[in-house]
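# Residue-level structural notes
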Amino acid sequence: MAVLGALRGLVPALATLIILLALVPVPVTCAQYVLDDRGGLGRMFDGIGAVSGGGATSRLLVNYPEPYRSQILDYLFKPNFGASLHILKVEIGGDAQTTDGTEPSHMHYEDDQNFFRGYEWWLMKEAKKRNPNIKLIGLPWSFPGWIGRGKSWPYDFPDVTVHYVVSWIIGAKQYHDLDIDYVGIWNERSFDVTYIKVLRHTLDRLGLQNVGIIGTDGDWDIAKIMVFDPYLNEAVQVIGAHYPGTYTVQDALKTGKKLWASEDYSTYNNEVGGGCWARLLNQNYVNGNMTSTISWNLVASYYEQLPFGLEGLMTAKEPWSGNYVVSPPIWITAHTTQFTQPGWVYLRTVGHLEKGGSYVALTDRQGNLTIIIETMSHNHSICIRPPLPAFNVSAQNATFYLGGSFDKLKTLQVWHSKLNINSSKPVFFGKLSPVTVQNGSFTLELGVDEVYTLTTITTGQKGSYPDPPQSQPFPRKYKDDFNVRNPPFTEAPYFADQSGVFEYFINTADLGNHTFTFRQVVNQRPITWVNDPDQAISFIGDFTWSNVTVTCDIYIETPETGGVFIAARVDQGGSPSRLAKGIFFWVFADGTYKVTGDLCGKIVLSKGQSGVRAERWHTLTLIVDGIYASGLVNGQQLWKDVITIGPLHGWTAIGTSSFEFAQFDNFMIEAK
């Protein structure tokens, strides 16, 4: 009984002790992650890249004055400076609209070859100048019409299409000393097995065995065939999918081929876009075994109101002012590209963090190690094509244990970015104090929406230049007589072709004061990537303009059926340019004119006789003021006070009534 009494006396004391223990804070435990190569290594890293094209996304970059143009290129390509890209993928121009404009083909016609059109050759050379090891990829989005022999399909005559693509690869080397590393099939469109095999056979026969084929820049469907077709499997070196959402498929894994997100990202280059990009760069490998991620697009160097405005890694859309913006995705890219190189290898020990986010680790197999950690929250999960699911991420401590080849490491350099959450000040690519590795491990306090790079590499830096000039709108008075030319480029400054191709032209015949002109050169409907309009159009200026005067000399080359126009308040470009509304002043070779409220010419506001004829120069003037528009031919009033309908503002433009030759000169605009 005495014992029982003593025990009863202890009960209140034990209860008090339990309560006190419950009030003592419990230390936060650290999740533990092992980075070790003793069990072998993962897949070889192929690099991070970006796309110029698809289409005309670098259009305005070429017109930047120095030193700003070179500064932009340094931020994109210069090693250990900015994005330090490993891969540049360019459009093989096909004379058709491919998202934000058209890019010229090296073969407008079957008997034509010119390897100096457009700006992709120049861009590839500038990239190589900064990084001789950068990998180059060419991919068609569209094809000139002659390839299909009258059909809107490039595979009916595979030898013809192969000749066209291979000639571009050979021309890159012959005329620009550029070695193309990979070539694609047809961007986001159907593939043809026979064509791919013929392409591989032709490349090998011509000594271009080092040019790899990417199949097929769409989805993973080609893998289903490759698994059962050894000849196709041998022909394709990389399976590339677009916007895979960080996941691959089993058939693709079974092929044993390199797996790439050969186009990804495609969202605004603000901090949200930076967060999206950070997640993709890690989780494309963690979830999908993809060893390369390629951003669409390289630089938002096109008019902002076009489709997918501001969706490059950085922005350079004002060559007239020199202003550009080094956007967050540049520095997110640097977290990987400045501390790894193609040929490095992923560790197998990569994965997700316990409270959200992911980590990868890569080695050069010579003792160097780079670890990239991201903790992007659902606030930064939105990628436009397709949207990624929301993720709940919270602050966490993480302990990493280094094993195998890395267990003797004592110090790791640290670079850090923090995106703007709850109005906190963002940090981009800041260098922190090195982390000391003790007993083979280190611990990090990880916040939300952060990126860390921990590395043995000491050469990383955040490149910088003095601030560029302030942003300025397009000049309200602008003119171009097309006499002054910039030799590397065939396009006149600031003109953005949306259908057809407009190029500098030299008249050998005596046409008075019109030796140097601007000419529309596509005379056959291309094999298009989207539903291009039947008219050719190139626009220029400020989308906000409302009241404007447009003047241009025009020369119709096609008797009887030819026609040209000048326009104002054009409200649509890019893929939906066929739906464009505005004020269009047309003249035709048969001597008639019309005024329409749309590009396709169905909304007729006025029509009649103009006196214009083919193969003669005439001057057209379009005046739009408020709700009224007027037109002049050769300085004489032709129509007046036509009531405008439709958009109240938009670009100015020139164009042709069909795919036909026509010339333009002495273009001038004045906005009120």
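The sections below set out a description of the structure shown in this document. Nothing here was measured: the structure is a model prediction, and the numbers come from that model.

Right, let's get into the overall build of the protein. Helix and strand content of the protein: ten helices and 37 strands. For the protein, the spread of C-alpha atoms along the principal axes amounts to about 125 × 60 × 45 Å. Of all 672 residues assigned to the protein, the portion counted as buried reaches 60%. Contacts spanning at least 24 positions in sequence make up 72% of the contacts within the protein whose residues lie at least 6 apart. Entry remark: accessible area of the protein is about 26000 Å², with carbon and sulfur atoms responsible for 53%. Within the protein, the 63 negative side-chain charges are centred at a point lying 5 Å from the centre of the 52 positive side-chain charges.

All chains considered together, the criterion is met by 25 salt bridges. For E503, the salt bridge identified is with R117, shortest N-O distance 3.4 Å. Of this pair, E503 sits in strand β25 (residues 502-506) while R117 is found in the loop between β4 (87-92) and α3 (120-130), placing the two residues 386 residues apart along the sequence. Comparing E503 with R117, the two get one shared label, buried. Linking E126 and K129 is a salt bridge whose minimum nitrogen-to-oxygen distance equals 3.1 Å. Of this pair, E126 and K129 both sit in helix α3, three residues apart, which is roughly one turn of that helix.

On the secondary structure map, P473 appears in the loop between β22 (450-455) and β23 (477-480). The exposure class assigned to P473 is exposed, which follows from its relative accessible area of 56%. Between the alpha carbons of P473 and G53 there is a distance of 25 Å; along the sequence they are 420 residues apart. Residues contacting P473, with those up to four places away along its chain left out, are W320 and D542.

Here we take up the packing of helix α2 (residues 68-77) against α3. Relative orientation of the contacting elements α2 and α3 amounts to 65°, with a least axis distance of 10 Å. Viewed along their axes, α2 and α3 form a crossing whose handedness is right-handed. Contacts between α2 and α3 involve R69, S70, L73, D74 and F77 from the first element and W122, L123, E126, A127 and R130 from the second. Considering only residue class, the contact of α2 with α3 consists of five nonpolar, one polar and four charged.

Okay, the pairing of strand β9 (residues 258-265) next. Burial runs high along β9: seven of the eight residues are buried. Where strand β8 (residues 238-242) meets β9, five bridges bridge the pair, whose relative direction is parallel. Of the residues in β9, the one forming a bridge with V238 is K258. Handedness of the crossover is the feature at issue here: the chain leaves β8, passes through helix α8 (residues 250-255), returns alongside β9, and the resulting connection is right-handed. Looking at chain direction, β9 and strand β10 (residues 292-296) are connected through four bridges and run parallel. Paired with A261 across the two strands is T293, which belongs to β10. A crossover connection joins β9 to the parallel β10 through helix α9 (residues 271-288); in handedness this β-α-β unit is right-handed.

Taken in spatial order, the three strands make up an open sheet running β1-β18-β21, and their pairing is mixed. Each edge of the open sheet is held by one strand with a lone partner, namely β1 (31-35) and β21 (441-446). On average, each strand axis in the sheet is inclined to that of its neighbour by 25°, with strand direction left out of account. Where strand β18 (residues 396-402) and β21 come together, six bridges link them in antiparallel fashion. Each residue of the ladder has a partner; that of Q396, found in β21, is L446.

Let us now look at the sheet that holds β4. Read around the closed barrel, the eight strands follow the order β3-β4-β5-β6-β7-β8-β9-β10; overall the barrel is parallel. Looking at chain direction, strand β5 (residues 135-140) and strand β6 (residues 182-183) are connected through two bridges and run parallel. Paired with G138 across the strands is V183, a residue of β6.

As a further point, take the nonpolar core. With 171 residues, the main nonpolar core has F77 and L88 as its most contacted residues. In terms of residue count, helix α4 (residues 158-176) provides more of this core than any other element does, eight residues in total. When neighbours within four sequence positions are excluded, L88 is seen to be in contact with A50, S52, F77, L123, M124, A127, I134, K135, L136, I137 and L298.

A few words now on the pairing of strand β7 (residues 212-218). If a strand is regular, its side chains alternate between the two faces of the sheet. For β7, the tally of buried residues reaches seven of seven residues, placing the bulk of the element in the interior. Bridge count between β6 and β7: two bridges; the pairing is parallel. Bridge pairing in β7 places V183 opposite I213. Since β6 and β7 lie parallel, the crossover through helix α5 (residues 193-205) that links them has a hand, and here it is right-handed. For β7 and β8, the ladder comprises four bridges, and the chain directions are parallel. Counterpart to G218 in the pairing with β8 is A241.

A separate point is unusual backbone geometry. Cis rather than trans, the peptide bond between G54 and G55 has omega equal to -15°. Along the chain, G55 turns up in the loop between β3 (47-52) and α2. The amide bond that connects E66 to the next residue, P67, takes the cis arrangement and shows omega of 10°. Looking at the element boundaries, P67 is found in the loop between β3 and α2. The backbone of D449 sits at a positive phi, close to 60°, despite the residue not being glycine. Within the secondary structure, D449 is located in the loop between β21 and β22. With phi around 75°, Y494 is a residue other than glycine that occupies positive phi space. Locating Y494 in the fold gives a position in the loop between β23 and β24 (496-499).

Criteria and thresholds
Residues numbered from 1 in each chain as written. Predicted model: local features only at pLDDT ≥ 70, side-chain atom pairs only at ≥ 80, totals over all residues. Heavy atoms only, no water. Helix = DSSP H or I, 4+ residues; strand = E, 2+ residues; numbered from the N terminus. Buried < 20%, exposed > 50% of the residue type's maximum accessible area, 1.4 Å probe, protein only. Contact = heavy atoms within 4.5 Å. Areas by Shrake-Rupley, 256 points an atom, 1.4 Å probe, with all protein chains shown as cover. Lys, Arg positive; Asp, Glu negative; His and termini not counted. Charge placed at Lys NZ, Arg CZ, Asp CG, Glu CD. Salt bridge = Lys/Arg side-chain N within 4 Å of Asp/Glu carboxyl O. Axes fitted to C-alpha atoms, helices over the stretch in contact; angles between N-to-C directions. Left-handed = near helix turned anticlockwise from the far one by under 90°. Nonpolar A, V, L, I, M, F, W, Y, C, P; charged D, E, K, R; others polar. Pairing = 2+ DSSP bridges. Right-handed = clockwise from strand over helix to strand, strands pointing away. Core = buried A, V, L, I, M, F, W, Y, C linked by side-chain atoms within 4.5 Å.

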